[in-house]
Amino acid sequence: MHSRKDRITALIMLLPSLVLLAIFVYGFIGQTVNFSLTDWGGTGAPPPLQENVEKDYIGTQNYKDLMTGFLEFPFRNSLINTFFFTVFFLVGCLLLGFVLAFLIDQKIMGEGVFRTIFLFPMSLSFVVTGTIWRWLLQPKGGINVLPEKITNVTLFDKHIFPEFLRVKVLDSGWMNSREQSWTFMWSEVPKYLTYLGLILFGIWAFNALMAKRWRTLGYIGVGAFGFGLLYVIGFWDKVFLPLQVPAAELQKGYNAALTGIIVAAIWQMSGYVMALFLAGIRGIPEDLREAARVDGCSEWKVYLYIILPGLRPIILSAVIILGHISLKIFDLVFAMAGPDNNQTIVPGILLYTKAFRGNQLASGSAVAVVMLVLVSLVIVPYLWSNLRTESQS
Amino acid sequence: MTLLRTQQIAWRIIVYALLILMALTFLVPVYMVIITSLKEPSTINLTSSWDLPKELYFESFSQAWEVFKPRLLNSFVLAISATALSALIGSMNGYVLAKWRVPGAKFLFPLMLFGMFIPYQAILIPLFDFMRSIGMYGSLNGLILIHVVYGLPITTLIFRNFYVEIPTELLESASIDGADFFGIYTRIIFPLSIPAFVVVVIWQFTQIWNEFLFAVTMASPDAQPITVGLAQLAGGEAVKWNLPMAGAILAALPTLLVYIVMGRYFIRGLLAGSIKG
C-alpha cells in the first residue's frame, strides 16, 4: 500500500499541522525568550502597545529585576504561592482521590451514581467553580456559617446535637485573609532549594544503587557535588539576592488567602485522580488480589502490598498532570480572588496584569519564560520516559 | 464465623457512611448555587444563605439569559467550529502518524505533544503580536484559529493511539483493491473512527467551552465567550449573587449535560490525556 505517490500525499497532509505547531509553539516560545531580553520600547517611542515597537536588548536585566527589584515583590510572592499551592493541591487531590477510589472499589451498590457525583466538577470550567466558591467563601457567610448551622439544627425546639458538638460561626477571611504562616526569609530560599535538590539527588542515587547501575551512580555523585558547590561558593546569592528591600518585604510564607482556592481546586480535580486510580485498580487482575486474600491478607494489606505498588506509574501520571495544572493556574485564581489580590498572586495572573494591563510586555515575557521552565522541568522528563518505553515495546 | 460476619457488616456500614458523607460534601456547592439562583435578590444575605428560598424566583435566569445571550452564542460558535476542525485535522494526522512511515516521527510526535502541556502564557505575548499583525486579533475567527492549533496535539494523540490498533492487513487488502491514500481513509479508517471521534469531540468541546486565558486576552468584547462574561459579572464589587449563580448554571449546563449523557467517553478522554502509548 505504500506507493511513492501515497507516501508523499501522507506527508503533505501532515505538513500543515507541523508547520502550524512549529510556529505557534516553538516559534512563539523563541519569540517570548527573545522579548524577555529586550526593553520593549521602554526607553523610546512608540509606546508599548503600538505595532513595530523599537526593542533594545538589555540582556538578563528583566530577570534580575524580577528576582531582586524593589517593585517586583509580587513576582517573588507568586513563586512562593505557586510552591505552596502545588504542594497542598497535589497532596489533597492524591489523598482524597485515593480514598474515593478505595471506597468505590468496595463492590458497592450505586457505584455509577457515586462516581458521577465525585467526577462532575471536572466537567465545569474553573471560572464556574471559582464563581461558586467565591460565594461559598464570603467571610461572613457560606462555609463559615455552615458548621454552626448544621450542629445547631433543632427538631421540635430541641437540639439534635449535644452541647459539646455544637460549634460557633468561623471567622476565616478566606481570600481576604492577610495571615501568613510558616514564614521564612527570601534570602533563605537558595538554602532550601539546595537541600531539596540534594534530597532528590539522594533518592535518585538510592534507585541507581538498588539497580546496581554504578556508572549512573557516579554521574549522580558528580552532579550532586557540583550542585552543592554552587551553593557553597555563594553562586545563588550573586544571581538573585542583593535585594535593596525593606526587611518586611523579604519575609515570605504561606498566605492563608490561598486556602480557599486550594480547597476549590481539590473539589474540582480530586475526582479526576479517583478516575485515574480506579482505572489502575481495575487493571490489576482479581486473581492476584484473591490469592493474597487466601494467604490471609486483610483488605487493607491487599491495598498496601498489591494495589499501591501497581499504581505507581498512575501516581506519577497524576502528579505530573496535576503539577502542571497548578504551575500554570490562572482562571481559578482570577475568578475567586480577582487579578489584583497580592496575597493570592500566581505567575499566570502576574503575566496577565503585566502584559495586558500594565503594558510591561518585556517583563511579562520574562515571567512567561520562568513559567515555561518550571512546567518543562515536570513535563520533559515525563515525555522523554514515555518516548523511551514506547520505543522499547 | 458470626464474628467475621458482624465485622463484614460493620465494614460495609462504614464504607457507605463515608461514601454518603463524601457525596454530600461534594454536592454542597451545587445546593448553594441552586438555592441562591432561585432567591429574590433582596432576600439574599450572608446569614440566611443556606436557607431554602421562601418563594421561588425564576427571574434571575431570564435576566442572566439576557445578559449572557451574545456570549453564549459566541461560546457555541467557537466550541463547535474549533472542535470540528481540530477533530478532523487530528484524525488525518493520527492516520498519517499511525499508518504511514513518516521520517523522524519518533521525534516529531513528542515535539507535537509538548505543545499540549506548555503553559499558554509562554506563547501569549507573541501570539497577541501575531494575531494583530494578521488582522485577526479580537475576532471570534481568531479565537477559533487559536483553539484549533493548540487542540491539534491532543486530538492527534487520541486518534493516533486509536488507529495503531487497527490491523494493517485491513488497509493492505483495501490497497490491493486499488484504494489510494484517501480511499483507505474514507473507506476504512473514517468509518471505524466513530468511537475516537466521540471521545475527541467531547474532550475538545468541554475544553474549549471552559477555556478562559485565550478568551480573556484574545477576544474583543463582542467576541467574548461565556467564561469571560461570567468572570466579569461575578468579579464586580457588591454583586447580588442571584445573577452570577444563575449565570454559572447557564455556563455550566452544556458541558455538564455532555458529561452526564456521555460520561463514559468523557472519562476515556480524561485518561487519554494522561496515559500515553
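Definitions and cut-offs
- Residues numbered from 1 in each chain as written.
- Chains lettered and ligands numbered in written order.
- Predicted model: local features only at pLDDT ≥ 70, side-chain atom pairs only at ≥ 80, totals over all residues.
- Heavy atoms only, no water.
- Helix = DSSP H or I, 4+ residues; strand = E, 2+ residues; numbered from the N terminus.
- Rg over C-alpha atoms; globule rule 2.2 N^0.38 Å.
- Buried < 20%, exposed > 50% of the residue type's maximum accessible area, 1.4 Å probe, protein only.
- Contact = heavy atoms within 4.5 Å.
- Areas by Shrake-Rupley, 256 points an atom, 1.4 Å probe, with all protein chains shown as cover.
- Lys, Arg positive; Asp, Glu negative; His and termini not counted.
- Charge placed at Lys NZ, Arg CZ, Asp CG, Glu CD.
- Axes fitted to C-alpha atoms, helices over the stretch in contact; angles between N-to-C directions.
- Parallel < 35°, antiparallel > 145°, perpendicular 65-115°, else oblique.
- Left-handed = near helix turned anticlockwise from the far one by under 90°.
- Nonpolar A, V, L, I, M, F, W, Y, C, P; charged D, E, K, R; others polar.
- Salt bridge = Lys/Arg side-chain N within 4 Å of Asp/Glu carboxyl O.
- Polar contact = N/O pair within 3.5 Å; in protein donor to acceptor, adjacent residues only side chain to side chain.
- Expected span 1.5 Å × (residues − 1).
- Pairing = 2+ DSSP bridges.
- Patch = residues over 30% accessible without salt bridge, like charges linked within 9 Å, V, L, I, M, F, W, Y side chains within 5 Å.
- pLDDT = per-residue confidence, 0-100.
- Core = buried A, V, L, I, M, F, W, Y, C linked by side-chain atoms within 4.5 Å.

Colleague: Give me the lowdown on the overall build of chain B, citing residues and values where you can.
Modeller: Regarding its fold elements, chain B presents 12 helices and zero strands. If you list the helices and strands of chain B from N to C, you get α-α-α-α-α-α-α-α-α-α-α-α. Expected size for 277 residues packed as a compact globule is a radius of gyration near 19 Å; at 24 Å, chain B overshoots this value by more than 25%. Along the three orthogonal principal directions, the C-alpha set of chain B runs to about 75 × 75 × 30 Å. Looking at chain B as a whole, 56% of its 277 residues qualify as buried. Pairs at least 24 residues apart make up 73% of the contacts formed inside chain B by residues separated by at least 6 positions. For chain B, the computed accessible surface area is about 12000 Å², with 70% contributed by carbon and sulfur atoms. Positive and negative side-chain charges of chain B, numbering 16 and 14 respectively, have mean locations separated by a distance of 10 Å.

Colleague: So what's going on with the packing of helix H2 (residues 59-99) of chain B against helix H11 (residues 242-261) of chain B? Which residues, and what values?
Modeller: Residue and element names in this part refer to chain B. Put simply, H2 and H11 touch, their axes get as near as 9 Å, and they point 40° apart. Considered as vectors, H2 and H11 are oriented oblique to each other. In the packing of H2 onto H11, the handedness of the crossing is right-handed. Contacts between H2 and H11 involve Ser60, Phe61, Gln63, Ala64, Trp65, Phe68, Leu72 and Phe76 from the former and Asn242, Leu243, Ala246, Gly247, Ile249, Leu250 and Pro254 from the latter. Classifying every residue of the contact of H2 with H11 gives 11 nonpolar, four polar and no charged.

Colleague: Before we move on, could you go through the interface of chain A and chain B and cite the residues and values that matter?
Modeller: Taken together, the contact pairs 98 residues of chain A with 98 residues of chain B. Summed over the shared surface of chain A and chain B, the number is one salt bridge. With a shortest N-O distance of 3.8 Å, B:Asp51 and A:Lys149 are connected by a salt bridge. Applying the counting rule to chain A against chain B returns 19 residue pairs in polar contact (both at pLDDT 80 or more). In terms of residue count, the dominant contributor to the side of chain A that touches chain B is helix H1 (residues 4-36) of chain A (20 residues).

Colleague: Help me get a handle on the environment of B:Val148, residues and values and all.
Modeller: Residues and elements named next belong to chain B. As for its position among the elements, Val148 is in helix H5 (residues 140-164). Classification of Val148 as buried rests on a relative accessible area of 8%. Residues within four places of Val148 in sequence aside, it is in contact with Ala82, Leu85, Ser86 and Ile89.

Colleague: Describe the pattern of salt bridges, naming the residues involved and giving the relevant values.
Modeller: Residues and elements named next belong to chain A. Tallying each qualifying case throughout the model produces 14 salt bridges over all chains. The residue Arg289 makes a salt bridge to Asp105 at a minimum N-O spacing of 2.7 Å. Highlighted residues: Arg289 in helix H12 (residues 286-294) and Asp105 in the loop between helix H3 (73-104) and helix H4 (111-119), separated in sequence by 184 residues. Note on Arg289: relative accessible area 4%, which makes it buried. Under the relative-accessibility criterion, Asp105 is labelled buried at 7%. In this structure, Glu290 engages Arg293 in a salt bridge whose closest nitrogen and oxygen atoms are separated by 3.0 Å. Linking Glu290 with Arg293, this pair stays in helix H12, spanning three residues, or about one helical turn. Since its relative accessible area comes to 38%, Glu290 is described here as partly exposed. Overall, Arg293 belongs to the partly exposed group, its relative accessible area being 22%. Overlapping salt bridges bring together Asp105, Glu111, Arg115, Arg282, Glu286, Arg289, Glu290 and Arg293 as one network.

Colleague: Describe in detail helix H8 (residues 214-232) of chain A, supporting the description with residues and values.
Modeller: Residues and elements named next belong to chain A. If you check H8, its first and last C-alpha atoms are 27 Å apart, about what 19 residues at 1.5 Å a residue would give, namely 27 Å. Elements in contact with the buried residues of H8: helix H7 (189-210). Gly234 sits one or two residues past H8 and shows a positive phi near 80°.

Colleague: Lay out the side chain of B:Arg71 in plain terms, naming residues and giving numbers.
Modeller: The residue B:Arg71 is located in helix H2 in this model. Among residues more than four places away in sequence, those in contact with B:Arg71 are B:Pro221, B:Gln224, B:Pro225, B:Ile226, B:Gly229 and B:Gln232.

Colleague: I'd like a rundown of the pairing of strand S4 (residues 251-255) of chain A, residues and numbers included.
Modeller: All names here are of chain A. The buried fraction of S4 is high, at four of five residues. Pairing between strand S3 (residues 180-185) and S4: four bridges, direction antiparallel. Bridge pairing in S4 places Ser181 opposite Tyr254.

Colleague: Can you lay out a nonpolar patch on the surface for me, pointing to particular residues and giving the numbers?
Modeller: All names here are of chain A. On the surface, Phe225, Leu229, Tyr231, Val232, Ile233, Phe235 and Val239 cluster together into a nonpolar patch covering about 670 Å² of accessible area. With four residues, H8 is the single largest residue contributor to the nonpolar patch. Relative to the elements of secondary structure, Leu229 occurs in helix H8. Under the relative-accessibility criterion, Leu229 is labelled partly exposed at 40%.

Colleague: Give a detailed account of the confidence of the model for chain B, specifying residues and quantitative values.
Modeller: Residues and elements named next belong to chain B. Within chain B, residue pLDDT values average 90, and 96% of them lie at 70 or more. Mean pLDDT per element in chain B: helix H12 (residues 263-272) is the minimum at 75, and helix H9 (residues 213-218) is the maximum at 95. The complex prediction reports pTM at 0.91, with the ipTM value standing at 0.91.

Colleague: Hey, could you go over the nonpolar core for me, with residue numbers and the actual values?
Modeller: Ranked by size, the top nonpolar core spans 204 residues in total, and within it A:Phe118, B:Tyr95, B:Leu127, B:Tyr150 and B:Phe214 carry the most contacts. The element best represented in this core is helix H11 (residues 258-282) of chain A, accounting for 16 residues. Ignoring anything within four residues of it in the chain, the contact list for A:Phe118 reads A:Leu100, A:Ile104, A:Gly271, A:Met274, B:Leu19, B:Met22, B:Ala23 and B:Phe26. By size, the runner-up hydrophobic cluster in this structure holds five residues, among which are A:Phe201, A:Ala205, A:Ile220 and A:Ala224.

Colleague: Tell me about unusual backbone geometry, residues and numbers included.
Modeller: Residues and elements named next belong to chain A. Residues other than glycine seldom take positive phi values, yet Phe156 does so here, at roughly 50°. Structurally, the position occupied by Phe156 is in the loop between strand S1 (154-155) and strand S2 (158-159). Even without being a glycine, Asp157 presents a positive backbone phi close to 65°. When you line up the elements, Asp157 lands in the loop between S1 and S2. For Asp157, a relative accessible area of 78% corresponds to the exposed category.

Colleague: Describe the environment of B:Asn93, and please don't skip the residues or the numbers.
Modeller: Among the secondary structure elements, B:Asn93 is positioned in helix H2. Exposure remark for B:Asn93: the relative accessible area of 0% places this residue in the buried category. Sequence-wise, B:Asn93 and B:Thr156 are 63 residues apart; in three dimensions their C-alpha atoms are separated by 5.7 Å. In this structure the side chain of B:Asn93 is engaged in a polar contact, spanning 2.9 Å, whose partner is the side chain of A:Ser17.

Colleague: An account of the side chain of A:Thr86 is needed here, citing residue identities and associated values.
Modeller: Position of A:Thr86 relative to the elements: it lies in helix H3. Setting aside residues up to four positions removed in sequence, A:Thr86 forms contacts with A:Ser326 and A:Leu327.

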